[in-house]
There are 4 protein chains.
Amino acid sequence: MVTVGIIGAGRIGKVHITSITNFIQNAVIKTVADPFLNDETAAWAKKMGIKNTTKDYKEIINDPEIDAVLICSSTDTHSPISIEAIKAGKHVFCEKPIDHDVDKIMAVVDALKGTDIKYQVGFNRRFDHNFMALRDAVASGKIGDPHIIRVSSRDPEPPSIDYVKVSGGLFLDMMIHDFDMVRFLAGCDATEVYTEAAVLVDPGIGEAGDVDTAVVTLKMENGALAVIDNSRQAVYGYDQRAEVFGSKGMAMNANDSSSNVVVATKDGVTGEVPLHFFLERYMNAYAKEVGEFIEAIEKGTDTPLGVMDGLKPVLMGLAAKKSLDEHRPVKISEIMELK
Amino acid sequence: MVTVGIIGAGRIGKVHITSITNFIQNAVIKTVADPFLNDETAAWAKKMGIKNTTKDYKEIINDPEIDAVLICSSTDTHSPISIEAIKAGKHVFCEKPIDHDVDKIMAVVDALKGTDIKYQVGFNRRFDHNFMALRDAVASGKIGDPHIIRVSSRDPEPPSIDYVKVSGGLFLDMMIHDFDMVRFLAGCDATEVYTEAAVLVDPGIGEAGDVDTAVVTLKMENGALAVIDNSRQAVYGYDQRAEVFGSKGMAMNANDSSSNVVVATKDGVTGEVPLHFFLERYMNAYAKEVGEFIEAIEKGTDTPLGVMDGLKPVLMGLAAKKSLDEHRPVKISEIMELK
Amino acid sequence: MVTVGIIGAGRIGKVHITSITNFIQNAVIKTVADPFLNDETAAWAKKMGIKNTTKDYKEIINDPEIDAVLICSSTDTHSPISIEAIKAGKHVFCEKPIDHDVDKIMAVVDALKGTDIKYQVGFNRRFDHNFMALRDAVASGKIGDPHIIRVSSRDPEPPSIDYVKVSGGLFLDMMIHDFDMVRFLAGCDATEVYTEAAVLVDPGIGEAGDVDTAVVTLKMENGALAVIDNSRQAVYGYDQRAEVFGSKGMAMNANDSSSNVVVATKDGVTGEVPLHFFLERYMNAYAKEVGEFIEAIEKGTDTPLGVMDGLKPVLMGLAAKKSLDEHRPVKISEIMELK
Amino acid sequence: MVTVGIIGAGRIGKVHITSITNFIQNAVIKTVADPFLNDETAAWAKKMGIKNTTKDYKEIINDPEIDAVLICSSTDTHSPISIEAIKAGKHVFCEKPIDHDVDKIMAVVDALKGTDIKYQVGFNRRFDHNFMALRDAVASGKIGDPHIIRVSSRDPEPPSIDYVKVSGGLFLDMMIHDFDMVRFLAGCDATEVYTEAAVLVDPGIGEAGDVDTAVVTLKMENGALAVIDNSRQAVYGYDQRAEVFGSKGMAMNANDSSSNVVVATKDGVTGEVPLHFFLERYMNAYAKEVGEFIEAIEKGTDTPLGVMDGLKPVLMGLAAKKSLDEHRPVKISEIMELK
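The residue numbering used here restarts from 1 in each chain and proceeds along that chain's sequence as written. For this description, chains carry letters from A and ligands carry numbers from 1, given in the order in which they are written. Per-residue local features of the predicted model are confined to residues with pLDDT of at least 70, and side-chain atom pairs are confined, for both listing and counting, to 80 or more; whole-chain, interface and lining totals are unaffected and use all residues.

1. Describing the overall build of chain A
Link 1 in the chain: Strands here are runs of E lasting at least two residues and helices are runs of H or I lasting at least four, both read from the DSSP assignment and numbered beginning at the N terminus. Counting its regular elements, chain A contains 14 helices and 15 strands.
Link 2 in the chain: The C-alpha radius of gyration of chain A comes to 20 Å, within 12% of the 20 Å expected for a compact globule of 339 residues.
Link 3 in the chain: Dimensions of chain A, computed from the C-alpha atoms along their principal axes, are close to 55 × 55 × 45 Å.
Link 4 in the chain: Of all 339 residues assigned to chain A, the portion counted as buried reaches 57%.
Link 5 in the chain: Excluding contacts between residues fewer than 6 apart, the proportion of contacts in chain A whose partners are at least 24 apart in sequence is 70%. A radius of gyration in this sense is built from C-alpha atoms; the matching globule rule multiplies 2.2 Å by the number of residues raised to 0.38. A residue is called partly exposed when the number of other C-beta atoms within 10 Å of its own lies between 12 and 20, exposed at 12 or fewer, and buried at 20 or more, with C-beta atoms placed from the backbone. Residues are treated as contacting if the C-beta atoms built from their backbones sit within 7 Å of each other.

Pasting the structure below:
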């Protein structure tokens, strides 16, 4: 049984609390810490069977009974809290991204060196049944060598302008998931990125210095070409699909809906829109990723997504941003040379 | 080159004229006969390259240059004209049904005895790409022995009450195609029929002594169970689908639409309705059935659908009607004992 | 908070224990009783947080702290334990069927008279997302008045011959779910049943006095016609689909699979088989049905499926059996006249 | 009735001869010219009802009875024969591309100036039912303003290396159709192009100086971003799909297959591969494009695809090639400034 502390009880923190409580038999949450903890959240945590709630995450770091922490706080705290937890000998599950700053991620990499700490980054989509099955189709060799990878990722509605301003921008906030997905599907890293992007959804996003629509092409180490498209607003719901085309065939997945009923009337044959957003779409994936983290701790195996898997999508995002700014293809190695 | 005469230049006659002219290289239409032939139709026929038009079908029967006739006239004339044509040594393609009266069909059977005449009945759906592929899936053994066969057949709109009155009723006019389809998919004959039916679409159909909605179950010689459902009105268009479930799997087909485009909006993901009616849906099948008739003549092979294939669905239709009238399962052998 | 006792810790009992523990916040299981309780099950129950385990279900009946019981024991005990529990003032959730014997069901009906006891029967499919959405499409009026209802229900593999012998037969053991589904989709009762059935899967099932393949047609009170097909063996997995055709359109659902990935190779475009069996397919539905039972207790509302909803599919099953035996359509009123 | 001459009786010439003969009532082919005309082709043409066959296309140019010519000869002859035909007062349907050289296309543009000659370029996909329906969904406003356009186009097998060498390369030979499609779907021109490309299918293609796999992104005049992917070899068949994502929704089409039958076995649920190649997929589109050309002549209206629609995809192809060579985004205006 792994004893866990949760740092950050916002939306994603609550998702993990719920998952662990309901689905993960070999983990128990001892403490939840959040600087903005209110009575309502504290009461909810008690009802979920959690012993302690606190505003001070150091109670978790300093608790010798706690084996592992889940860092669900704001992005700027991910790196320093990771390092504190590592130093305290705790296994760490850190929400994505570790940071927008490469140096701060490298500080975590350095902290991990020489330890046996398990570190996992929260790219939840890898644990979704449809994306896992797509990866399996590639990994099984059914479609041969990957030649072209297409990933579409479109949110149902744009975030607030206030959020946009602190988000790190579309490439680090939203497309970072798709950079990870391209690596997952290709089974290798990207070497070069080229960005086309525009402000088509909301001029306010442009005024905040960001874009809301983008098509990014990538060269992969194995020779495959990849393309990601993002939009901050798909009015029909959360649209998350991918396709891998290879030397022996093609595999693709589709969105999930709340049911597969179709209704035929004189106006057409109509099915349901995709599940609205990530909490609906990926609830099972959130449980699965934490389940695998706990299992890695118990079995002493590698986590499915280590700290370098947290770094590389950030490099891709920074390259994509640079490509947009300089209107040219940008090599990943221009951002950072990985040995 | 097979020289053809067309008897009956109504809707289905014109379909065959168009098909032969455009698609069938080894047939030429010499004469079109129709008692109600008007100037417009005659001019159209000329434009299609047909030499003669006449009100008297006997000009076709008596023309020694004509090898084959297509009987597209009203149902009550199918049997007598078939017999006349057979006696004149002509090959015969006869629209379905040959007749609603078993004796009149048997008269055609008798007329054919001892001759080399090719006789084909116009069950066009057997030549549709989706139904052929379904039959192929069964015949290939992919799904093993058939256990359950389901056929749905729903028209986009009911015929006029005047038509209903002379149609022979839903079982002989509409479901007769599905009786043929069940035989085609099962690869054998039916032995027993049970009918549930109702007037749900238009009370006028009930007043005319017919039903507009029916579910008929059948036992097949090979042990399979079959079920057909019919409605005179599917507001979303012509709905023609089938499914065969067997010991090793299941095969099913779907409707065709004018395109496969789907549009996702906040209201759903909508594709097109099925093609509206039989002229749109089965145009290619009409060409294919006549093409195979001509080929059978040229090669001296059997036609794909002989006179007994015209008789059997009529027996099934009469049994279905009797089942409805007497509210009990009816064996085909009660209608006629086939040796 | 509703305190619950579980009677029967076999497969379905464990499903309910898991659901309540993980998903139902307002219920707590105090005691699990099973006459064959072994150490393994007892240990599992403890791990799930259940205080008591016993071989004697009377400990549950006699426990004044327990508000509600879930009867998951063998079918022959459903009626007597229901009556005991009702007399002890407990709310009852009873697995389907209440009994195969109408008198025994009526004894439960009588026991409930004049009480405020909540009674629910376990027809889980009504709580499946795809069947609920289909019912919603009908209930919303989108497809108008129902005219034809089709339900397919095919198991991935036949049960053991030993089970077949005590199962009550295909109509009471398997098709009973579909009888309930037809009532659910039509929104009314059936008035008449006609059965075609055969032994096509396993001769041993025939030797045990049962059938393994059946097509049953039904007349519904609202005039609609319905047809159910069942097979004990669909080699491609659990096949559970339905379609409702009406005056304004048609609605249909499909199977769920473990992912929606399709792989295109030179051999075809292949998607996954349906989820293998009911535990995979209906796990969420099991949680939902018990959740609504608990909610009905807490809010004092009717349960979604009362004791009469348990009776009526049994009447339909008995009529279907009689129809098969007597080879004729059978009215439900021949089995029992419902006032 | 429009009298037509066909120049070039290779594969595509034969397609047009067949279409016109079978489907286009208001056109008649008087003469077919091909420098390599053999007896077999001449006999076939006679059988199709064509009066004259010749090796000298000038017989067509000089025949005052001929109203229109279809230029189906090799690409290098398109421009000079177009100009000869225009000077002789004939309407011209020219297969794509007019030329790979902008100057030669501009010579045709110049020749047309001040005349009433109808000129049409053979981008057949615009006349395919699925692409037309997709364009209609965009043009109707159903999906709002286009934001992202995705076009996939993959051939079932690579051409011979000999063909590759004279083809003009992937961008002018193959992707040129997709450049036209992007213009069609967006309803406007591209302004900039960026190319990622690779040799992944056959090293011989690389040795011949070409690529066989490419992902090209484009900026459109209306602000939309577009992406095209091409492969010379999709082993599952001719894969031609597109998707338009916009402010109010998304529309996408799919491939056509020879039937829509799916077969479920224990190994999966399998449908048919796409129609094998362009002759199967676009046969109806070839007839429709020539039908509209003839109609434009008869009604005096514009052709659906004028000479500038022939020029612009060539500019896009040249820009894509330049982008690949110079590894940077290239503006269309760098290739040619269009006023």
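Following the structure, the description resumes.
2. Structural notes on the packing of helix H5 (residues 102–112) of chain A against helix H13 (residues 307–326) of chain A
Residues and elements named next belong to chain A.
Link 1 in the chain: An axis is simply a line fitted to the C-alpha atoms; with a helix, the fit covers only the stretch in contact. Between two such axes, the angle follows the N-to-C directions and lies from 0 to 180 degrees. Across the interface, H5 lies against H13 with an axial gap of 10 Å and an inter-helix angle of 165°. As the angle between them shows, H5 and H13 are arranged roughly antiparallel. Once H5 is placed against H13, the crossing between them reads as left-handed. Along the contact surface, H5 presents Val102, Ile105, Val108, Val109 and Leu112, while H13 presents Val307, Gly310, Leu311, Val314 and Leu315.
Link 2 in the chain: In terms of residue class, the contact of H5 with H13 is built from 9 nonpolar, 1 polar and no charged. Throughout this description, any angle smaller than 35 degrees is read as roughly parallel, any larger than 145 degrees as roughly antiparallel, any in the 65 to 115 degree range as roughly perpendicular, and the remainder as oblique. Definitions for this section: a left-handed crossing has its near helix turned counterclockwise from the far helix by less than a right angle. A right-handed crossing has that turn clockwise. Residues were grouped as follows: Ala, Val, Leu, Ile, Met, Phe, Trp, Tyr, Cys and Pro as nonpolar; Asp, Glu, Lys and Arg as charged; and all remaining residues, including Gly, as polar.

3. Comments concerning the relation of the copies chain A and chain D
Link 1 in the chain: Superposition of chain A onto chain D requires a rotation of 180° combined with a translation of 0.0 Å along the rotation axis, giving an RMSD of 0.0 Å. Taken together, the turn and the small shift mark the pair as related by a two-fold rotation axis. Every residue of chain A has its C-alpha some distance from the rotation axis, and the shortest such distance is that of Arg328 of chain A, at 2.9 Å.
Link 2 in the chain: Most of the interface of chain A is mirrored in chain D, where 100% of its interface residues are also at the interface. When the copies are superposed, the least-squares fit draws on C-alpha atoms of residues that have pLDDT of at least 70 in both.

4. Section: the environment of Ala9 of chain B
Residues and elements named next belong to chain B.
Link 1 in the chain: For Ala9, the location among the structural elements is in the loop between strand S1 (2–7) and helix H1 (11–23).
Link 2 in the chain: You can call Ala9 buried: it has 25 C-beta atoms within 10 Å.
Link 3 in the chain: For the pair Ala9 and Pro35, spaced 26 residues apart in sequence, the C-alpha to C-alpha distance is 9.0 Å.
Link 4 in the chain: The contact partners of Ala9, leaving out residues within four places of it in the chain, are Lys14, Val32, Asp34, Leu37 and Thr41.

5. Description of the domain arrangement of chain A
Link 1 in the chain: Looking at chain A, the domain boundaries give domain 1 (2–117) and domain 2 (128–276).
Link 2 in the chain: Computed over C-alpha atoms, the centres of domain 1 of chain A and domain 2 of chain A are 29 Å apart. Annotation comment: domain bounds sourced from an automatic or database domain assignment.

6. Here's the deal with the environment of Asn38 of chain C
Link 1 in the chain: Tracing the sequence through the fold places Asn38 of chain C in the loop between strand S2 (27–33) and helix H2 (39–47).
Link 2 in the chain: Along the sequence, Asn38 of chain C and Thr54 of chain C sit 16 residues apart, while their C-alpha atoms lie 9.7 Å from each other.

7. With respect to the sheet that holds strand S2 (residues 27–33) of chain B
Pairing between the strands of a sheet comes from backbone hydrogen bonds, and it takes one of two forms, parallel or antiparallel.
Residue and element names in this part refer to chain B.
Link 1 in the chain: What the 6 strands build is an open sheet, ordered S3-S2-S1-S4-S5-S6; its pairing is parallel. At either end of the open sheet lies a strand with only one pairing partner, and these are strand S3 (52–54) and strand S6 (119–122). For this sheet the average axis-to-axis angle between neighbouring strands, irrespective of direction, equals 20°.
Link 2 in the chain: Of the strand pairs in this sheet, S2 and S3 are connected by 3 bridges, and their pairing is parallel. Along S3, the bridge assignment pairs Thr31 with Asn52.
Link 3 in the chain: Where helix H4 (residues 75–87) meets the sheet, its contacts fall on S1, strand S4 (68–71) and strand S5 (91–95), and the angle it forms with S5 comes to roughly 170°. Strands were regarded as paired on the criterion that DSSP finds at least two bridges between them.

8. Quick notes on the sheet that holds strand S4 (residues 68–71) of chain A
All names here are of chain A.
Link 1 in the chain: The strand order across the open sheet built from 6 strands is S3-S2-S1-S4-S5-S6, with neighbouring strands paired in parallel fashion. Whereas interior strands pair on both sides, the edge strands pair on one side only; in this sheet they are strand S3 (52–54) and strand S6 (119–122). Neighbour-to-neighbour, the strand axes of this sheet turn through a mean angle of 20°, independent of strand direction.

9. Things to note about helix H11 (residues 278–299) of chain B
All names here are of chain B.
Link 1 in the chain: Each residue after the first adds 1.5 Å to the expected span of a helix. Compared with an ideal rise of 1.5 Å per residue, which puts 22 residues at 32 Å, H11 spans 30 Å between its outermost C-alpha atoms and is within 8% of the ideal.
Link 2 in the chain: Fitting axes to the seven residues that end at a residue and to the seven that start at it, the angle between those axes gives the bend at that residue. Roughly 40° is the biggest bend found in H11, and it falls at Asn284.
Link 3 in the chain: Gly300 lies just past H11 and shows a positive phi near 70°.

10. Details of the pairing of S6 of chain B
Residues and elements named next belong to chain B.
Link 1 in the chain: The two faces of S6 match: Tyr119 and Val121 on one face and Gln120 and Gly122 on the other face are all buried.
Link 2 in the chain: Sheet topology places S5 next to S6; 4 bridges connect them, and they run parallel. Opposite Glu95, over in S6, you have Gly122 as the bridge partner.

11. Side note on the packing of H1 of chain B against H11 of chain B
In a pair of packed helices, the angle between the axes and the distance between the axes together describe the arrangement.
All names here are of chain B.
Link 1 in the chain: Where H1 meets H11, the axes come as close as 9 Å, and the angle between the chain directions of the two elements is 65°. Crossing of H1 against H11: the hand is right-handed. Contacts from Val15, His16, Ser19, Ile20 and Phe23 of H1 reach H11 at Leu279, Tyr286, Ala287, Val290 and Gly291.
Link 2 in the chain: When the residues that make up the contact of H1 with H11 are grouped by side-chain class, the tally is 7 nonpolar, 3 polar and no charged.

12. Here's the deal with unusual backbone geometry
The phi torsion of most residues other than glycine is negative, and most of the peptide bonds are trans.
All names here are of chain B.
Link 1 in the chain: The omega angle of the peptide bond from Lys96 to Pro97 is -20°, so this bond is cis rather than trans.
Link 2 in the chain: Mapped onto the elements of the fold, Pro97 is located in the loop between S5 and helix H5 (102–112).
Link 3 in the chain: The phi angle at His327 is positive, at roughly 55°, despite the residue not being glycine.
Link 4 in the chain: As for its position among the elements, His327 is in the loop between helix H12 (307–326) and strand S15 (330–331).
Link 5 in the chain: Judged by the 13 C-beta atoms lying within 10 Å of it, His327 falls in the partly exposed class.

13. Quick look at the interface of chain A and chain D
Link 1 in the chain: Contacts between the two partners involve 26 residues from chain A, matched on the other side by 26 residues from chain D.
Link 2 in the chain: Of all the secondary structure elements, the ones that give two or more residues to the side of chain A that touches chain D are strand S7 (146–154), strand S8 (190–198), strand S9 (213–220) and strand S10 (225–231) of chain A.
Link 3 in the chain: The residue inventory of the side of chain A that touches chain D, partitioned by class, reads 13 nonpolar, 7 polar and 6 charged.

14. Comments concerning the confidence of the model for chain A
Link 1 in the chain: Looking at any residue, its pLDDT shows the predictor's confidence there, from 0 to 100. When the pLDDT values of chain A are averaged, the result is 96; 100% of them are 70 or greater.
Link 2 in the chain: For this predicted complex, the interface score ipTM comes out at 0.95, alongside a pTM of 0.96.

15. Digging into the interface of chain A and chain B
Link 1 in the chain: If you look at the interface, chain A gives 11 residues, while chain B gives 11 residues.
Link 2 in the chain: Listing elements by their share of the side of chain A that touches chain B, those giving two or more residues are strand S13 (262–265) and strand S14 (268–271) of chain A.
Link 3 in the chain: Looking at the side of chain A that touches chain B, the element that brings in the most residues is S14 of chain A, giving 4 residues.
Link 4 in the chain: For the side of chain A that touches chain B, a count of residues per class yields 5 nonpolar, 4 polar and 2 charged.
Link 5 in the chain: Summarising the sheet, S14 of chain A and strand S14 (residues 268–271) of chain B pair through 3 bridges and their orientation is antiparallel. Looking at the pairing, Thr270 of chain A lines up with Thr270 of chain B of S14 of chain B.

16. A closer look at the environment of Ala190 of chain B
All names here are of chain B.
Link 1 in the chain: Inspection of the secondary structure assignment puts Ala190 in strand S8 (residues 190–198).
Link 2 in the chain: In this structure, the C-alpha to C-alpha distance between Ala190 and Lys312, residues 122 residues apart in sequence, is 8.8 Å.
Link 3 in the chain: Ignoring sequence-local partners within four residues, the contact set of Ala190 consists of Val182, Leu218, Lys219, Met220, Met316 and Ile332.

17. Some thoughts on the pairing of S4 of chain A
Here is the key point about a regular strand: its side chains alternate between the two faces of the sheet.
Residue and element names in this part refer to chain A.
Link 1 in the chain: Here S4 shows two buried faces, one formed by Ala68 and Leu70 and the other by Val69 and Ile71.
Link 2 in the chain: The sheet contact formed by strand S1 (residues 2–7) and S4 spans 4 bridges and is parallel. Within the sheet, the bridge partner assigned to Val4 lies in S4 and is Ala68.
Link 3 in the chain: If the strands point away from the viewer and the path from the first strand over the helix to the second runs clockwise, then the crossover is right-handed. Crossover connection from S4 via helix H4 (residues 75–87) to parallel strand S5 (residues 91–95): handedness right-handed.

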